[in-house]
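The primary structure of each chain is shown beneath.
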Amino acid sequence: MTAFLLDVDTGIDDALALAYLAALPDTEFVSVTATPGNVDADQVAQNTLALLELCGRRGVEVAIGARAPLSVPLVTTPETHGPQGIGYAVLPEPDGQVSARNAVDLWIDHARARPGELTALITAPLTNFALALRKEPELPELLAGVVIMGGSFYHQGNTTPTAEWNTHVDPHAAKEVYAAYRGRAAAKLPVVCSLDTTERMELRPEHVRLLAEAAGASVPELVLPDQPEGRRSTSDNRVIRHLSDALRFYFEFHRLYDQGYLAHVHDFFAAGVAAGTLEYSARPATIDIETDSPLLTGTTVADYRGLWGSAPNARIVSANNPEQAFRELTAAVGSLAARLG
Ligand code: BDR
Ligand code: CA
């Protein structure tokens with residue numbers, strides 16, 4: 001059983017990550033917190049609650065912490081994830097309410113109550129995590145481990161030519177987080193899923209078709225490049241219908257940027273790394289973030305060779321296996337969708 005503290009900015013690929021983790025039989029959602037990024041914090045929390053309910057995880061506490069990055073104004077990305085953050089999907093109103101508790105306090109309270117037991121997964125800007133580390137500097141020791149989706153090293157950025165979205169939204173938070181991990185034991189260092197490997201996770205129309213087939217949907221789920229943009233799924237399976245509508249938007253966005261009719265599902269990969277279900281390898285490195293240069297702000301730099309003379313503060317994923325990952329996704333989410341109808 002893996003017990004998770006999650007921090008998300010749901011988000012199409014965050015939604016897929018949540019659906020995947022919800023599909024695993026041995027996953028406990030201790031709490032899921034919302035950081036503003038893809039959409040604002042209230043919308044993230046609503047999306048997350050609705051998504052968890054859709055995926056059969058009612059009653060999970062969803063809380064908001066920061067409402068803006070530490071030192072720069074919030075920029076959201078409706079062009080990437082749609083006006084509500086879930087592409088063309090319109091999620092049902094959740095029955096549950098967003099918690100009145102603060103996300104940062106929640107993380108600290110849970111981590112102190114269950115030292116060494118909780119795995120943290122952050123698929124959002126690092127704002128809430130940086131605030132939690134300010135308040136509880138021993139958080140790295142209290143957590144079993146942490147997986148972060150963020151950064152871009154020997155790979156072009158997806159927000160500026162050199163910067164990745166999560167890090168670019170709150171570069172100061174990222175800088176604080178990696179500084180907080182300096183000098184920690186190797187086993188405690190964050191596992192960092194950067195664009196170098198998450199952009200290898202190219203989800204394609206064929207994967208949507210296979211997912212619907214695994215769910216036992218009555219008609220083939222065909223999301224095709226020559227169909228009119230914005231066409232909505234008519235699947236009789238609710239989970240498939242929502243994921244398909246979300247992914248169609250993501251396919252169209254990637255096509256617009258000449259990446260093909262596909263979707264980079266960054267956060268799903270990070271979720272699988274955190275759950276221990278996806279194949280990967282990682283290399284120790286020292287990470288720092290550029291926060292001052294107008295040209296390079298949000299750019300992540302990795303020192304793999306100790307040139308800065310400081311000990312590693314992260315383990316950067318250096319290889320992964322998209323084929324295995326998509327087989328695993330189809331099987332897990334397909335059987336969840338079949339069960340929930
Ligand atoms: C990251 O940015 C967000 O838009 C995605 O949800 C993912 O977490 C990829 O750069
Ligand atoms: Ca995200």
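Residues numbered from 1 in each chain as written. Chains lettered and ligands numbered in written order. Predicted model: local features only at pLDDT ≥ 70, side-chain atom pairs only at ≥ 80, totals over all residues. Heavy atoms only, no water.

Turning next to the layout of surface pockets. In this structure, the largest pocket encloses a volume near 580 Å³. Taken together, 29 residues line the largest pocket, and the ones lying closest to its centre are T80, N158, T159, W165 and F253. Contributing elements (two or more residues each) for the lining of the largest pocket: α1 (12-23), α3 (78-81), α7 (165-169), α11 (238-256) and α12 (266-275). Considered class by class, the residues forming the lining of the largest pocket number seven nonpolar, 15 polar and seven charged. Volume-wise, the second largest pocket comes out at about 150 Å³. A breakdown of the residues in the lining of the second largest pocket according to their chemical character gives four nonpolar, five polar and five charged. (1 Å grid on protein atoms, 1.4 Å probe; cavity = no way out; pocket = protein on both sides within 12 Å on 5 of 7 lines; lining within 4 Å. Points joined across faces, edges and corners; volume = space filled by probe spheres on them. Helix = DSSP H or I, 4+ residues; strand = E, 2+ residues; numbered from the N terminus. Nonpolar A, V, L, I, M, F, W, Y, C, P; charged D, E, K, R; others polar.)

A word on the sheet that holds strand β4 (residues 118-122). Taking strand neighbours across the sheet as the criterion, the nine strands line up as β3-β2-β1-β4-β5-β6-β11-β9-β10 in an open arrangement whose pairing is mixed. The open sheet has two free edges, formed respectively by β3 (62-64) and β10 (300-303), since each of these has just one partner strand. On average, adjacent strands in this sheet sit at an angle of 30 degrees to one another, irrespective of strand direction. With respect to the sheet, helix α2 (residues 41-54) is in contact with β1 (2-8), β2 (27-34) and β3, its orientation differing from that of β3 by roughly 175 degrees. Relative to strand β9 (residues 280-289), helix α8 (residues 171-180) is tilted by about 110 degrees, and along the sheet it contacts β5 (145-149), β6 (191-193), β9 and β11 (314-320). (Pairing = 2+ DSSP bridges. Axes fitted to C-alpha atoms, helices over the stretch in contact; angles between N-to-C directions. Contact = heavy atoms within 4.5 Å.)

Here the focus is the packing of α1 against α12. At their nearest, the axes of α1 and α12 sit 6 Å apart, and the two run at 30 degrees to each other. Comparing the axis directions of α1 and α12 gives the class roughly parallel. Like other packed secondary-structure pairs, α1 and α12 cross with a definite hand, here right-handed. Here D13, D14, L16, A17, Y20 and L21 of α1 lie close against α12, whose contacting residues are H266, D267, F268, A271, G272 and A275. Across the contact of α1 with α12, the residue classes tally to seven nonpolar, two polar and three charged. (Parallel < 35°, antiparallel > 145°, perpendicular 65-115°, else oblique. Left-handed = near helix turned anticlockwise from the far one by under 90°.)

With that settled, the discussion passes to the UniProt feature "domain: Inosine/uridine-preferring nucleoside hydrolase" (unreviewed entry) in the chain. In the numbering used here, UniProt assigns the "domain: Inosine/uridine-preferring nucleoside hydrolase" (unreviewed entry) feature to residues 5-324. Segment residues 5-324 splits into 36% helix and 17% strand. End C-alpha atoms: 25 Å apart. (UniProt positions renumbered as here; feature names shortened; annotations may be inferred.)

The next point concerns helix α4 (residues 103-113). The complete set of buried residues in α4 reads A103, V104, L106, W107, I108, H110 and A111. Residues of α4 that are buried sit in contact with β1, β2, β3, β4, α5 (127-135) and α6 (139-142). Between the side-chain oxygen at the start of α4 and the backbone nitrogen of V104 there is a gap of 2.7 Å, and the oxygen is on N102. (Buried < 20%, exposed > 50% of the residue type's maximum accessible area, 1.4 Å probe, protein only. Polar contact = N/O pair within 3.5 Å; in protein donor to acceptor, adjacent residues only side chain to side chain.)

Our next topic: the coordination of the calcium ion (ligand 2). For the calcium ion (ligand 2), the full set of protein donor atoms is D9 (OD), D14 (OD), D14 (OD), T123 (O) and D267 (OD), and the range of their distances to it is 2.3 to 2.5 Å. One chain supplies every donor to the calcium ion (ligand 2), and in sequence these donors are spaced D-x4-D-x108-T-x143-D. Within this pair, whereas D14 is found in helix α1, its partner D267 is found in helix α12, the two being separated by 253 residues in sequence. (Donors = N, O, S within 2.8 Å, 3.2 Å for Na, K, Ca; no water.)

Across the five residues that make up β4, a large majority, five, are buried. Because side chains alternate across β4, one face comprises the buried residues L118, A120 and I122, and the other comprises T119 and L121, equally buried. Bridging between β1 and β4 involves five bridges; their strand directions are parallel. Residue pairing across strands places F4 opposite T119, the latter belonging to β4. Pairing analysis gives four bridges linking β4 to β5, with the strands arranged parallel.

What follows is about the side chain of T167. Position of T167 relative to the elements: it lies in helix α7. Excluding residues that lie within four positions of it along the chain, T167 makes contacts with G150, G151, A174, I289, G298 and T300.

Moving on: the site of ligand 1. Ligand 1 sits among 13 residues. The nearest are D13, N38, N158, E164 and D267. The side chain of D13 places a nitrogen or oxygen atom 2.5 Å from an oxygen atom of ligand 1. Taken by itself ligand 1 offers 280 Å² of open surface, and the protein chains cover 97% of this. In this structure, ligand 1 is accommodated by the largest pocket. Looking at the shell around ligand 1, the elements with two or more residues in it are α1, α7 and α12. (Near = heavy atom within 4 Å. Areas by Shrake-Rupley, 256 points an atom, 1.4 Å probe, with all protein chains shown as cover. Sits in = over half its atoms within 2 Å of the grid points.)

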